[in-house]
Structure formats: structure tokens, C-alpha cells
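Read off the chains here:
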Amino acid sequence: MKKNYLIFGIIYCSIILGLFTGVMYLYLKDKIEEINSTCFSSFGSDYWQYENELIENGSIELDIERAVSRIQSESAYYLDNYGKYYAVIDASDNSVIAQSGDFIEVRCYRDKQYSGRLLIPDKPLADSNTKDFYNFTGFENSKCDDYFIYGGEGAMTAYDVSVEVEPNHPEYINEDAGISFDEWIGEDRDVKFEVYYYDSSETKAKLNRKAEDISWDYISLIGYGEIEEGEVLKVSGFFESRAVYIRSINKGSNLVVYSTVFNPFMTAVSQNKKLFTVAFIIFLLIEGFTIFAVVTLYKNQKSFELRSQKLTRGIAHELKTPLAVTKACVENWEYIDEKDRHEYSEKIISEVDHMASMITKLLELSKLNGGQNSINREEVDILKLTKTVYERMDELAKEKHLEVTITDYDNIGEYIAYADPEMMNIVIGNFISNAIKYSDTYIRMTVSDLGKKIEFRITNDGTRIESKDLAKVWDVFYKTDEARTDRISSSGVGLAVVKSILDMHKAKYGCTSTYNSTTFYFLIDKAKDE
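Definitions and limits used
Residues numbered from 1 in each chain as written. Predicted model: local features only at pLDDT ≥ 70, side-chain atom pairs only at ≥ 80, totals over all residues. Heavy atoms only, no water. Helix = DSSP H or I, 4+ residues; strand = E, 2+ residues; numbered from the N terminus. Buried < 20%, exposed > 50% of the residue type's maximum accessible area, 1.4 Å probe, protein only. Contact = heavy atoms within 4.5 Å. Areas by Shrake-Rupley, 256 points an atom, 1.4 Å probe, with all protein chains shown as cover. Pairing = 2+ DSSP bridges. Axes fitted to C-alpha atoms, helices over the stretch in contact; angles between N-to-C directions. Core = buried A, V, L, I, M, F, W, Y, C linked by side-chain atoms within 4.5 Å. Arc of directions from axis to C-beta. Polar contact = N/O pair within 3.5 Å; in protein donor to acceptor, adjacent residues only side chain to side chain. Patch = residues over 30% accessible without salt bridge, like charges linked within 9 Å, V, L, I, M, F, W, Y side chains within 5 Å. Salt bridge = Lys/Arg side-chain N within 4 Å of Asp/Glu carboxyl O. Lys, Arg positive; Asp, Glu negative; His and termini not counted. Charge placed at Lys NZ, Arg CZ, Asp CG, Glu CD. Parallel < 35°, antiparallel > 145°, perpendicular 65-115°, else oblique. Left-handed = near helix turned anticlockwise from the far one by under 90°.

(A) View of the overall build of the chain. Across its full length, the chain holds twelve helices and 22 strands. The proportion of buried residues among the 530 residues of the chain is 42%. Considering only residue pairs separated by 6 or more positions, the chain has 70% of its internal contacts joining residues 24 or more positions apart. When the accessible surface of the chain is totalled, it reaches about 30200 Å², and 52% of it is carbon and sulfur.

(B) How the structure looks around the sheet that holds strand E13 (residues 232–235). The sheet built from five strands is open, its strands ordered E2-E1-E15-E14-E13 with antiparallel pairing. Across the chains shown, the open sheet's two edge strands, defined by having one partner strand only, are strand E2 (95–99) and E13. Put simply, the sheet's adjacent strands are angled 20° from each other on average, direction ignored. In this structure, strand E1 (residues 82–90) lies alongside E2, joined through four bridges in antiparallel fashion. Bridged to Asp90 within E2 is Ser95.

(C) Main features of the nonpolar core. Core analysis: the largest hydrophobic core is formed by 40 residues, its most contacted members being Phe431, Ile432, Phe456, Ile458, Phe520 and Phe522. Breaking this core down by element, the ones donating at least two residues are helix H9 (382–391), strand E18 (416–419), helix H11 (421–438), strand E19 (442–449), strand E20 (453–460), helix H12 (494–504) and strand E22 (518–525). In terms of residue count, the dominant contributor to this core is H11 (eight residues). Apart from residues lying up to four places away in sequence, Ile458 is in contact with Phe431, Ile432, Ala435, Ile443, Arg444, Met445, Thr518, Thr519 and Phe520.

(D) View of H9. Among the residues of H9, those classed as buried are Ile382, Leu383, Leu385, Thr386, Val389 and Tyr390. For H9, the angular spread of buried residues about the axis comes to 165°, placing them on one side. In H9, the exposed residues that point more than 90 degrees away from the buried face are Lys384 and Glu391. Put simply, Asp381 is the residue that caps the front of H9, since its side-chain oxygen is 3.1 Å from the backbone nitrogen of Leu383.

(E) Structural context of a negative patch on the surface. The grouping of Asp122, Glu153, Glu164 and Glu166 at the surface amounts to a negative patch. Here Asp122 lies in the loop between strand E4 (113–119) and strand E5 (132–133).

(F) Summary view of the side chain of Ser517. Among the structural elements, Ser517 can be located in the loop between strand E21 (508–513) and E22. Note on Ser517: relative accessible area 15%, which makes it buried. Once you skip the residues sitting within four places of it in the chain, Ser517 turns out to touch Tyr442, Thr459, Asn460, Asp461 and Thr512.

(G) Summary view of unusual backbone geometry. If you check the backbone angles, Asn94 has positive phi at about 60° while not being a glycine. Along the chain, Asn94 falls in the loop between E1 and E2.

(H) Spotlight on the packing of H9 against H11. Running from amino to carboxyl end, H9 crosses H11 at an angle of 55°, the nearest separation of the two axes being 10 Å. Classified by the angle between their axes, H9 and H11 sit oblique to one another. Handedness of the crossing formed by H9 with H11: right-handed. Together, Ile382, Leu385, Thr386, Val389 and Tyr390 of H9 and Pro421, Met424, Asn425, Ile428, Gly429 and Ile432 of H11 make up the contact between the two elements.

(I) How the structure looks around the sheet that holds E4. Reading across the sheet, the seven strands line up as E5-E12-E3-E4-E8-E7-E11 and stay open at both edges, with mixed pairing between neighbours. Only two strands of the sheet have a single partner each, and these edge strands are E5 and strand E11 (179–180). Summarising the sheet, E4 and strand E8 (residues 148–150) pair through two bridges and their orientation is parallel. Bridging across to E8, Leu118 finds its partner in Phe148.

(J) Here's a closer look at a nonpolar patch on the surface. Among the surface-exposed residues, Ile7, Phe8, Ile11, Tyr12, Ile15, Leu19 and Leu297 lie close enough to one another that they form a single nonpolar patch of about 650 Å² accessible area. If you trace the backbone, Tyr12 turns up in helix H1 (residues 2–44).

Right, dumping it as C-alpha cells:
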């Protein structure tokens, strides 16, 4: 049985997972197509493609210095889950003249006029989480051309962060147009250093390296004549998309390569983080509820089977003794003296009545648990019903010399509940008969008004019910004292019937037991006033 429920649970959880995955896939598919379209559109309208058109039209010839400037200014502008690679390459031997990396934009302001130069450090900068630096020292020996700061060394500081910098002095610098750093900034100028970190995280660094590898793959294809330079090559994917653009400058002596790799899936997830978080929580709740439901069904089924086994064993045990007694009496009937036959006849009748009573109660319990009995609710005076039921049993209480009291706790004379009269008769009758059976000296019955509820409470002295057995008293065939026998027959079914009736009425009930007394109680809905 456990295996069947496990398979059932796995199937349902798999179906829910499939539905969730399908819905998320359809949603992501649209988002990813949108991201790919936007990124490719931006890539296609890039500066390089625009200048390529100008070059083809003979308008300008792009020099290396300007290309490098463009590469550096573009290299750090990309989103999460994006990798980029830019480079200027010597077409004769495919050596790298300049490539994307960390750079510093030096901004000089005077009379609201802006002038900017790029400073390319000789090594990657450590990510200090600070982008803007306002204080600088040691750049007096540095020089500037129209695009770059080169030579010398210095340091930039902001708050408690200090970054040492040694500007690169690459071959493409136009030293003929060079002036000193101090001459460029002049006097009374506001200068700011803005740092752009190219590899600011391991994820971006990995994607940047991948973009670089892709660039060289395409450069090789150009060398083999398989593709032509000047063409934008795009590959759109679900988890990875890429685009490459390669063109020549300076009459073909150099190549400019521009490539990008991005993860549209991660970008879509990042942009819709809240939605996916809520959806994932809902998915987990549904899966958790499904697992809980399957486990509950399994436990209920197992509990039902255990109850059925216990019921079968209980019935066999309960019927075994009266059947044995009846069989013995019948088998020995011809050997019994005439004067004793009346006594044996009564014994046989008593045993048969006991079996009939037990079977009747089992049938009642079966009907109650099976929902075959309907509740015919009407106004019932619980105090009056208690007195009526006890009057039928008072002779049994007198035989045991029990002190019995029925108390009108609130002195109001009547306690009207909204319940099925016949069923409540069974409930109170079982409580009273059990109390008489197990009491030694007294029984106390109290009816009280608790506002919206009527409470019935019956207490008797006698053998204590152990705390571990309090929940078991409502089980079929449970008996607190197997050795106790008297004129009140006990099948162990009565309280199980009571439990079913009170459950049908949605009443609260329970049992408490101390060293010298035991109390059963129930609370049932009070009839509404007209």
C-alpha cells in the first residue's frame, strides 16, 4: 500500500512540476525573444556599423587612436549576464594592438565646458566599489594627446580608498599632439576620475573571456575566407546568444572586432525576480500541500485498516466467550437437572441478548461512521433528558448504593440545545451506564449554560484512567477494567458510538481522570432564541 501511495504522490508532484515548468517556459520564451531582439537591435545600430557606412561612402578614414578610444569607452558599458570583447588587431600578423579592459575617464570641467581623456592602466584595477575619485596626485609627469593620458604615474583617492595608477604608453599614442597633464587641466579646473571596471565579477569575467574566444573564432573564419568582414553575425538562443562584428580600418591594415555574449535566460529571470520568487513559492506550497494530502491519505488508510483489524479481532474476542458459554450449555443440556434448566436457560438467553446488543451497537456505529444516519435537529432540554435517562437506570445505581446527584448549575430550570433527541439519548445513556458500572460511591451530573453552548458533565469516583489511555476510551472495544463484571453488559462499543454522534453534531467532548475521579463531558450548540 505504501508503495502505491508513493507512486501516486510522485505522479501528482511530477504533473504539477510539468505544468509549472510549462507555464514558466512559455512566459520566459516571450521574455527571452524580447531580450534577444532588443540586444541585437542595439548591437546592429552600434557606432561601428554607423562609421563603417561612412567609410564605405568615403567620408572618413578611422584611425587606430580613435578606434581604441571607442573600444575603451564602450568596454565597461554592459549589463549583468553580458560579456563583451573589443579589440584593434594588426591584420598582418593578428597581433593585438589594443583590447577592452579597465579604464579611467578623466573629466576636466572649466566654465561649464567639459573636456575628457582616457587613461588606460598598465594592469587591471582592483574593484574598490568606488567609481568616482576626486583627489589625485603624481600625474605631473603625465602627458595627453587628443584622446589619451599616457606616461608618468599617480594615485587617485576617494574617501578612504586609494588606487595607484601607471598609465599605459602604447604605440598608437600621437605624441606629436601631446601636451603635459598640467597644461591640459590648466588652472582652477574641476577634475574628476571615473573608473570603469571591466571584470568586476567572476560571472562577467567568464563571459568576457567567452566573447574574446568567439571573436578569435570568427577572425579565423575570415582568414579562411568562410565569412566576410563587415557583416553582423548573430546567433539567438535560449540560454546563450551572441553577436560578432568585424571590419577593417586604415585601408585594411587593421581589424576592429566587436563581440558580445549574453545569457537571455538569466537576464529574464533577473528582470522578473519578484514574479519568479512568488511563482516559485506558490509552486512549493502546492507541491507541499500535495505531499501533505498524499501522506494524510496514506495515514488515514493505514489507520482505517488498523481499526478494521482491531474491530475484527474485537468482534471475534467478544463473540467467543458468549458462544462458548452457549455451546457448553446446549451440549450439556440433557445432563442438566430439571430444576437447574431454568437457570441455564436464563444464562443462554443472557448471552444471546449480549451478542444481539453488541451487534446492534456495531450496526449503529457502522451507520454513523458511514453517514447513513441523518441528524434531525430540534430543541432538546439537556437537563430534562438527563433526568429522564437516569430514571431508567436508577435501580442499578441503588443496587450499588451510589450517591447520585443531577445539578442545575445556573438555576435556570432548562437548558435547550439544538440537537437530535434520539442521538443525545444514546450519548447521555452511555455516559450514565458507564458511570454506574465503574463508580464506587458517587456520581455527579451537571448541566450548565456557557453562552452559545450547553455543557453536560458527569463525574464518578473509582478506578483512574491512565493519561496514556484517555484518548483510547473512544476506541471500539476499549475497556478500562477487563476484570470488572456486573449486571450492566459492556461490549466496549458504547463510547465509540458516542464519539461518532458527537462528531456528527460538531460538539466538543473529552475525558479527564485523576487519582480519585473520572469526568466525561461534551459541549453542544445552544438553541437560538426566537
